[in-house]
Amino acid sequence: MRFVGLTLYHSAQSLMFNLMRGMRRRNTGSGGIIQLLHGRGWFVMALVIGAGLLNLPTPEGLTDQGYAVLVMSIVATILFVTEPIPLPAVALLIIVTEVVLLGVNPNDAAKSIMSDSVLFIMGSLMLAVSIVKQKLDKRIAFFIVKMTGTNTANICVGITIVSGFMASVIGEHTVAAMMLPVAITLIRLTSEDPKEVRRLAAALLFSISCGCAIAGISTPSGGARNAIMIGFWSEFYYDPLNPDTFKYLIDYVSWALYCFPIFLVQLPLTSYIILKVFPPEYNSLNRAVVKLRAQLAEQGKMDVGDWSTIAILFITLVGWITMSGTIGLGIIALLGAIAFLVVGLVKWDDINTNVNWGVVLLYGAAISLGVQMKDTGAAIWLADKFITLLSNIGAESGVGLWLSVSALTTAVTNMMSNGAAVAMLGPVALKMAAVSGESPLLMGYITAISSSFAYLTVVGTPACTIVYASGYLKASDFLAVGWRMLIMSTTVLMLFAYFYWPVLGL
Amino acid sequence: MNEDVKKENNTKPFKILVCIDGTDDSYRGLRYAARIGSGANADITLLYVRKIDKELNTGGLDMRLARENMLNWGLDLPSTTALKRAHDLLIEIGYLDEDWGSKTSHTEIQGDPLGDNSVEYTSQSGRKVILKLMVAQSPELGILDESELGSYDITIVSSSKPGEADDKAMRFSGSISQIVATESKNTVIVANSLEENHGHLLCLSGSASSFRAAQRDALIARRCYCPIYLYCVAKNEDEIPHKQIILDKARKIIEKMGYGVSGEKIDVGDPVECIVEEGSKYSLIVLSGERKKGFRRFFKSSVVYRVLRSAHNSVMISR
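Here is what the cut-offs are and how they apply
Residues numbered from 1 in each chain as written. Chains lettered and ligands numbered in written order. Predicted model: local features only at pLDDT ≥ 70, side-chain atom pairs only at ≥ 80, totals over all residues. Heavy atoms only, no water. Helix = DSSP H or I, 4+ residues; strand = E, 2+ residues; numbered from the N terminus. Rg over C-alpha atoms; globule rule 2.2 N^0.38 Å. Buried < 20%, exposed > 50% of the residue type's maximum accessible area, 1.4 Å probe, protein only. Contact = heavy atoms within 4.5 Å. Areas by Shrake-Rupley, 256 points an atom, 1.4 Å probe, with all protein chains shown as cover. Lys, Arg positive; Asp, Glu negative; His and termini not counted. Charge placed at Lys NZ, Arg CZ, Asp CG, Glu CD. Phe/Tyr/Trp six-rings, centres within 6.5 Å; stacked < 30°, edge-to-face > 60°. Lys NZ or Arg CZ within 6 Å of the ring centre and 35° of its normal. Expected span 1.5 Å × (residues − 1). Core = buried A, V, L, I, M, F, W, Y, C linked by side-chain atoms within 4.5 Å. Salt bridge = Lys/Arg side-chain N within 4 Å of Asp/Glu carboxyl O. Pairing = 2+ DSSP bridges. Axes fitted to C-alpha atoms, helices over the stretch in contact; angles between N-to-C directions. Parallel < 35°, antiparallel > 145°, perpendicular 65-115°, else oblique. Left-handed = near helix turned anticlockwise from the far one by under 90°. Nonpolar A, V, L, I, M, F, W, Y, C, P; charged D, E, K, R; others polar. Patch = residues over 30% accessible without salt bridge, like charges linked within 9 Å, V, L, I, M, F, W, Y side chains within 5 Å. pLDDT = per-residue confidence, 0-100. Polar contact = N/O pair within 3.5 Å; in protein donor to acceptor, adjacent residues only side chain to side chain.

Novice: What's the story with the overall build of chain A in this structure? I'm lost.
Specialist: In terms of helices and strands, chain A carries 24 helices and zero strands. Its C-alpha radius of gyration of 24 Å places chain A within 12% of the 23 Å reference for a compact globule of 506 residues. Expressed as lengths along the three principal axes of its C-alpha atoms, the size of chain A is roughly 70 × 70 × 50 Å. Relative to its 506 residues, chain A shows a buried fraction of 57%. By sequence separation, contacts in chain A at least 24 residues apart represent 78% of the contacts at least 6 residues apart. When the accessible surface of chain A is summed, it comes to about 19900 Å², and 67% of that surface belongs to carbon and sulfur atoms. In chain A, which carries 29 positive and 26 negative side-chain charges, the distance between the mean positions of the two groups comes to 14 Å.

Here it is in structure tokens:
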């Protein structure tokens, strides 16, 4: 039987491999349609699934348009995860199908992909490039080693704290890109042989990625998911004529009041978990730190450019804190990016090359799809089904529901980007609040925060992907740290939702 | 150097593709490649495959920015580190000289701004060593593309056993090397603790392809002066005379090519278990392979795949 199983396994493996095999570099033989479809297996499969589902009868209680949006979401999710075609093409496909399949006016479809959330994503990416280009990372590294000394555990804690505080303001991809060379320099100055510094490397690199992950939810500017959820609250619940709905316009400070303490509580726990799972081989990095200090000392004093960068960042942060409620997060992020360009600290070419505009378009399309889920009734229908399902296990409200939503979001966010996860799940979670009688704000916070629990996989968060590119980590390392982090973060979130948020009036 | 090898020197070079992933196994594979390539006309390509960056994974910030930042710190990227180490190893063992001429090239590849990059070193006699950094949708796709498009005579890919798979960056897990071994149209060595001086165990089933494998192995073994040992597994005692005929035929084929056989053996039992056990005493287990798809594999050559999975040492699938 083992023989049969093994052979079948090989046959299936080969079949799948050839079906999904990517586009070849040059045409190496069989031409025509087969060659054209080479590597497009998942695309074809997604279309077949979509067409098959659309030909099924519309489920009871759901409109035809709502059903079409649900099918579109399934197809889009398959394409997000498998990426058989460029992601911007998926975004464009969403817009096209909204018009063709749902009958949405083309102008409305075009408008729906641009919102303050999308402007924020665009602006924060531009800011990210501008900041990384200023090479402030060496100064930050110097600050860390000056603050922590040479003790390895202290350095790991220092990196987690600094990464965390920076990621709470400027986005985790920026911080990960800046901190990665700091960690690798420390590793290589300790030993050139990766086997000798296996655990040290893991501890330092996870200090960056986990520090970023726990901080990304602490303020609205920490990540795209936060801006997307703020956008959904406003889109779904805000009515300018009804003062009772003004609470759904969440500003920077309100969000930080709810979420920043969660980050602070997680900071020491995160360092504890990382150092427990990967106790470094060396208690002291004396040699490495001395060499690093010598390298960093060559930089000299901070120049006008450095001070200008800090000033622009500070003004942007003040803008977010004081004005995001009135002019939006996105406009302030764009103002910050424009300031970098005006002062001449960054070239447009640098921004243009290093920002993936296709992803911005994709977020826009995903948010637009989320809005369509609300408008067509698909979100409330799905929410109702979930609540009915959860009522079988007594989790239709309260902590049971919070945990279920958190678990669902965690599962999805570990397979795709956290922003995309919130864009897809946010509308359903908010409608689940309506069905179950929970506060939409509470359910929204739980969804957005849980989307940062992408500790288990390399692709979970941008910071994970960036530190993995160092070549020092295995995919299994993410699991080793990830499940512990997951339990810790979920517990902390539930405790805050139960004890702390009610104090704030939620 | 015998006449055949001299003759080969005047014909097209023997092309060896060595997949470098930073593991010790891949460098052992490189040593073996250098041995096959030394003393005769051969080109060695060292290939590192990096996955194309997925756009959504970095939240819209191009991964290139993080890489550039590392380079600004004077840090090598994992790919460069791995290829540099391979380059240094070839110099250390005297295969590559500092005075070889070098030429760099860049090919733009859709989907990744870095594209393919290579450095080609050429000796005065025309022998080449090419360091190639390639981007592909997956390591196995990159290897198979290069292997087929470059018409290599042999591809060497390192392997980790399931469970020990060290998937660091571009390290080749057991399944990657198996896919390459299974799907490649050319001869593949799956390098697993590859040692140089223990000879080739050439396993013969009596099929036409196994005799072609004997020819092929003779060509490779004589390049590195590796002894060949012939091996057959009989299901029972009655089959032994038939297996002896197969061994004799293979011996004649190899001797006709101007190379010798250092020993032969027939065991009775399960082919996979016998090959894996006997093979552990040799540098390489050599098996014949045909690129069969789907359920054809169920009826043919499944021994190859079972040996690939179970072997404790390196396996060469000869095509």
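Having seen it, we continue.
Novice: Where do I start with the overall build of chain B in this structure?
Specialist: A tally of helices and strands in chain B yields eleven helices and twelve strands. Scored against the burial criterion, the 319 residues of chain B give a buried share of 60%. Relative to all contacts within chain B whose residues are 6 or more apart in sequence, the contacts with residues 24 or more apart total 74%. Total accessible area on chain B stands at roughly 12900 Å², and carbon and sulfur atoms take up 49% of it.

Novice: What exactly am I supposed to notice about the packing of aromatic side chains here?
Specialist: Aromatic ring pairs: the centre-centre distance and the angle between the two ring planes describe each pair. For the coordinates displayed, the defined rule picks out 25 aromatic pairs over all chains. For the ring pair Y95(B) and W100(B), a centre distance of 6.4 Å and an interplane angle of 50 degrees mean the geometry is tilted. Through a chain of ring-to-ring contacts, the aromatic side chains of W233(A), W255(A), Y258(A), Y445(A) and W501(A) assemble into a single cluster. When the ring centre of W73(B) is taken as origin, the NZ or CZ atom of K138(A), which lies over that ring, is 5.2 Å away.

Novice: What is the right way to look at unusual backbone geometry in this model?
Specialist: Residues other than glycine seldom take positive phi values, yet S151(B) does so here, at roughly 50 degrees. Its location among the elements puts S151(B) in the loop between helix 5 (139–149) and strand 6 (154–158).

Novice: How should helix 18 (residues 357–375) of chain A be read in this particular structure?
Specialist: Three- or four-residue spacings in an α-helix give side chains the same orientation, since the helix completes a turn every 3.6 residues. With 19 residues, helix 18 of chain A extends 27 Å from end C-alpha to end C-alpha; this agrees with the ideal 27 Å at 1.5 Å per step. The element helix 18 of chain A is extensively covered by neighbouring structure, given that 15 of its 19 residues are classed as buried.

Novice: What am I meant to see in the side chain of S368(A) here?
Specialist: Position of S368(A) among the secondary structure elements: in helix 18. Filtering out sequence-adjacent residues up to four positions away, S368(A) remains in contact with E98(A), S112(A) and I113(A).

Novice: Looking at this model, I keep getting lost on helix 20 (residues 398–413) of chain A. Mind explaining?
Specialist: Residues and elements named next belong to chain A. With 16 residues, helix 20 extends 22 Å between its outermost C-alpha atoms, agreeing within 8% with the 22 Å of an ideal straight helix rising 1.5 Å per residue. Within the span of helix 20, buried status applies to L401, W402, S404, V405, S406, T409, T410, V412 and T413. For helix 20, the secondary structure elements touched by its buried residues are helix 19 (378–391), helix 21 (418–436), helix 22 (440–450) and helix 24 (475–500).

Novice: Could you clarify how one ought to interpret the nonpolar core in this entry?
Specialist: The nonpolar side chains of soluble globular proteins are, as a tendency, buried together. Formed by 185 residues in total, the largest nonpolar core has its most connected members in F80(A), W233(A) and W501(A). Looking at which element gives the most residues to this core, the answer is helix 11 (residues 198–215) of chain A, with 13 residues. Not counting the four nearest positions on each side in its chain, F80(A) is found in contact with L87(A), V90(A), I94(A), L362(A), A366(A), M416(A), A420(A) and M424(A). In terms of nonpolar packing, the next biggest core, distinct from the first, is built from 54 residues, A34(B), A42(B), A86(B) and A218(B) among them.

Novice: Honestly, the pattern of salt bridges in this entry has me stumped. Any pointers?
Specialist: Working definition: two side chains of opposite charge can pair if their charged atoms are close together. Summed over all chains, the structure comprises 20 salt bridges over all chains. A salt bridge links K195(A) to D24(B); its shortest N-O distance comes to 2.4 Å. Of this pair, K195(A) sits in the loop between helix 10 (172–190) and helix 11 while D24(B) sits in helix 2 (residues 24–37), on two different chains. With a closest N to O distance of 3.3 Å, D375(A) and K374(A) form a salt bridge. When its relative accessible area of 48% is taken as the criterion, D375(A) is described as partly exposed.

Novice: Explain the pairing of strand 6 of chain B to me, please; I cannot follow it from the model alone.
Specialist: Side chains on a regular strand alternate between the two faces of the sheet. Residue and element names in this part refer to chain B. Most of strand 6 sits out of view: five of its five residues are buried. Burial along strand 6 is two-sided: the face carrying I154, I156 and S158 and the face carrying T155 and V157 are both buried. With three bridges connecting them, strand 1 (residues 14–19) and strand 6 associate as parallel partners. Looking at strand 6, one finds that V18 is bridged to I156. The sheet contact formed by strand 6 and strand 7 (residues 187–191) spans five bridges and is parallel. Note that in strand 7 the partner of T155 across the bridge is V188.

Novice: Would you take a moment to explain the packing of helix 13 (residues 252–277) of chain A against helix 24 of chain A for this structure?
Specialist: Each packed pair of helices is defined by two parameters, the angle between the axes and the distance between the axes. Residue and element names in this part refer to chain A. For the pair helix 13 and helix 24, interaxial distance at closest approach is 10 Å and the crossing angle is 150 degrees. Of the possible angle classes, the one that applies to helix 13 and helix 24 is roughly antiparallel. Helix-helix and strand crossings are classified by hand; for helix 13 and helix 24 the assignment is right-handed. Within the contact between the two elements, helix 13 uses L257, Y258, P261, I262, V265, Q266, L269, T270, I273 and V277 and helix 24 uses A480, V481, R484, M485, M488, S489, V492, L493, F496 and Y500. In terms of residue class, the contact of helix 13 with helix 24 is made up of 16 nonpolar, three polar and one charged.

Novice: Would you mind going over a negative patch on the surface with me for this structure?
Specialist: Residues and elements named next belong to chain B. Judged by side-chain charge, D88, D97, E98 and D99 come together as a negatively charged surface patch. Relative to the helices and strands, D99 is located in the loop between helix 4 (78–92) and strand 3 (101–109). By relative accessible area, which is 62% here, D99 ends up exposed.

Novice: Looking at this structure, how should I read the environment of I273(A)?
Specialist: All names here are of chain A. Along the chain, the position of I273 falls in helix 13. Note: C-alpha distance between I273 and M488 (215 residues apart in sequence) is 9.1 Å. Ignoring anything within four residues of it in the chain, the contact list for I273 reads V481, R484, M485 and M488.

Novice: Looking at this model, I keep getting lost on the environment of D350(A). Mind explaining?
Specialist: Residues and elements named next belong to chain A. Relative to the assigned elements, D350 resides in helix 17 (residues 348–354). Counting along the chain gives 221 residues from D350 to V129, while the straight-line C-alpha distance between them is 7.4 Å. With sequence-adjacent residues up to four places away left out, D350 is seen in contact with V129 and K133.

Novice: Is there a simple way to explain the confidence of the model for chain B in this structure?
Specialist: One rule of thumb: low pLDDT means the predicted coordinates there are not for detailed reading. All names here are of chain B. Overall, the predicted model of chain B reaches an average pLDDT of 80, with 85% of residues at or above 70. Of all helices and strands in chain B, the one with the weakest mean pLDDT is helix 10 (residues 296–299) (49), whereas strand 1 scores best (90). Scored by ipTM, the complex comes to 0.76, with pTM at 0.80.

Novice: Explain the packing of helix 20 of chain A against helix 24 of chain A to me, please; I cannot follow it from the model alone.
Specialist: Residue and element names in this part refer to chain A. Following both chains from N to C, one finds helix 20 and helix 24 inclined at 145 degrees, their axes separated by 11 Å at the closest point. Read as a crossing pair, helix 20 and helix 24 show a hand that is right-handed. Contact with helix 20, carried on its side by V399, W402, L403, S406 and T410, involves L486, T490, L493, M494, A497 and Y498 of helix 24 and no other residues of that element. The residue makeup of the contact of helix 20 with helix 24, split by class, is eight nonpolar, three polar and no charged.

Novice: How should the side chain of D43(B) be read in this particular structure?
Specialist: Residues and elements named next belong to chain B. Within the secondary structure layout, D43 lies in strand 2 (residues 42–51). One buried charge, D43, has no salt-bridge partner; the nearest side chain with opposite charge is K128, at 5.2 Å. Polar contacts involving the side chain of D43 include one to the main-chain amide nitrogen of K128, which spans 3.1 Å. Not counting residues up to four positions away in its chain, the partners in contact with D43 are P13, F14, K15, I16, G126, R127 and K128.

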